Amino acid sequence: MPKIKIAPSILSADLSKVNQEIKEVERYADMIHVDIMDGVFVPRTTVNADFVKTIKTKLPLDVHLMVHEPSDSYIKGFVDAGAYSITIHEEACKNLSKQIGFIKKNRIKAGISIKPNTSLDKLKKYLGIVDMVLIMTVEPGWAGQKFIQSTMSKVRELRKLKPEIDIEVDGGIDPLTARIAFEEGANVFVAGTSIFSRKDRAAAIKEILQGLK
Ligand code: DX5
Ligand code: ZN
C-alpha cells in the first residue's frame, strides 16, 4: 500500500489570506489540494492559474481540474504555476490519453478522476499511464457535501487491480469517512470542510491521521 497523504483543500479556506491558511496546515499535511472549476463541467468557477502562482508553500500542489476539455495551453498554465500533479476528469475529456500524455510530457504527475456515478471500467485502459486515480466521494462542484458510501466499491476494486497506485478520495472526508475509505484501499485523503472549518487545523489533521493507524 502506498504512503498515506493528507491533502487539505483550500476551497474551504479563506482565499483572501491563502498563504496564511496554508501555513497553518503545512507542518501536518503532505500536499495542498487546489480545486479548479470552469463553470462548464461544474456550475461554479473558482481560482485560476494566476492565483495558483501566488501560492507560497513547500508542499506539492495537487491540482484538480473540474474543467471541460482542458487544452494544452490551459494545462501548461498550471504546470508553470507550480503544479506537482494535475488531475483531469474522465467525463470532461473526449480523448483522455491526449491530456494525460501532455501532462506527463511536462514531467509532472498525472491523475484521472471519476464522479460518483461513473463506472471504474471507464478508467481501466488508462491505469498503466497515470500516477493517481481520484475517486470522487461527492458530486464535484461544492465543498461541505456528504460522503457517498457507494463509491467505496470502486476504491476496493481499484486497489485490487493496482496495489501500488495512489488512490485519492475527495468529498466529505473527515476522521470517520477517511477510515472507511482507508479500509477499502484509499491512501490520499482530500479534506476541505473538516479541516478549514476548525480553528485548530493541526488537531483536525491529527484526528484524521489517528483513524488511519
Ligand atoms: C469538490 C472538491 C473538493 C472539495 C471537498 O468538488 O473537489 O476538493 O474541496 O470539500 P469537502 O472536504 O468539504 O467535502
Ligand atoms: Zn477536489
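In what follows, the structure referred to is the one given above.
Residues numbered from 1 in each chain as written. Chains lettered and ligands numbered in written order. Predicted model: local features only at pLDDT ≥ 70, side-chain atom pairs only at ≥ 80, totals over all residues. Heavy atoms only, no water.

Caption draft 1: How the structure looks around the coordination of the zinc ion (ligand 2). Taken together, His33 (NE2), Asp35 (OD), His64 (ND1) and Asp170 (OD) make up the protein donors of the zinc ion (ligand 2), found 2.0 to 2.3 Å from the metal. The site at the zinc ion (ligand 2) holds six donor atoms, and with the angles between them running 70 to 168°, its shape is octahedral. In the primary structure, the donors to the zinc ion (ligand 2) are separated according to the pattern H-x1-D-x28-H-x105-D. Of the two residues, Asp35 sits in strand β2 (residues 32–37) while His64 sits in strand β3 (residues 61–66), which places them 29 residues apart along the sequence. Asp35 gets classed as buried once you look at its relative accessible area, which sits at 7%. (Donors = N, O, S within 2.8 Å, 3.2 Å for Na, K, Ca; no water. Tetrahedral: all angles 85-135°; square planar, octahedral: opposite > 155°, others 65-115°. Helix = DSSP H or I, 4+ residues; strand = E, 2+ residues; numbered from the N terminus. Buried < 20%, exposed > 50% of the residue type's maximum accessible area, 1.4 Å probe, protein only.)

Caption draft 2: Main features of a positive patch on the surface. Taken together, Lys23, Arg27, Lys56, Lys58 and Lys206 make up a surface patch of like positive charges. You can see Lys58 is positioned in the loop between α2 (49–53) and β3. (Patch = residues over 30% accessible without salt bridge, like charges linked within 9 Å, V, L, I, M, F, W, Y side chains within 5 Å. Areas by Shrake-Rupley, 256 points an atom, 1.4 Å probe, with all protein chains shown as cover. Salt bridge = Lys/Arg side-chain N within 4 Å of Asp/Glu carboxyl O. Lys, Arg positive; Asp, Glu negative; His and termini not counted. Charge placed at Lys NZ, Arg CZ, Asp CG, Glu CD.)

Caption draft 3: Broad picture of the nonpolar core. By size, the foremost hydrophobic cluster in this structure holds 68 residues, and its most contacted members are Val34, Ile86 and Phe189. Excluding its chain neighbours within four sequence positions, the residues that come into contact with Val34 are Ile10, Val47, Val52, Ile55, Leu61, Asp62, Val63 and His64. (Core = buried A, V, L, I, M, F, W, Y, C linked by side-chain atoms within 4.5 Å. Contact = heavy atoms within 4.5 Å.)

Caption draft 4: Molecular detail of the site of ligand 1. Neighbouring ligand 1 are 19 residues, the closest being Ser9, Asp35, Gly141, Asp170 and Thr193. The contact in question runs from an oxygen atom of ligand 1 to an N or O atom on the side chain of Ser9, over 2.7 Å. Contact distances for ligand 1 include 2.8 Å between an oxygen atom and a backbone N or O atom of Gly192. Burial of ligand 1 by the protein amounts to 99% of the accessible area it has alone, namely 380 Å². Counting residues per element, the ones that place at least two in the shell around ligand 1 are β2, β3 and β8 (188–191). The residue makeup of the shell around ligand 1, split by class, is eight nonpolar, nine polar and two charged. (Near = heavy atom within 4 Å. Polar contact = N/O pair within 3.5 Å; in protein donor to acceptor, adjacent residues only side chain to side chain. Nonpolar A, V, L, I, M, F, W, Y, C, P; charged D, E, K, R; others polar.)

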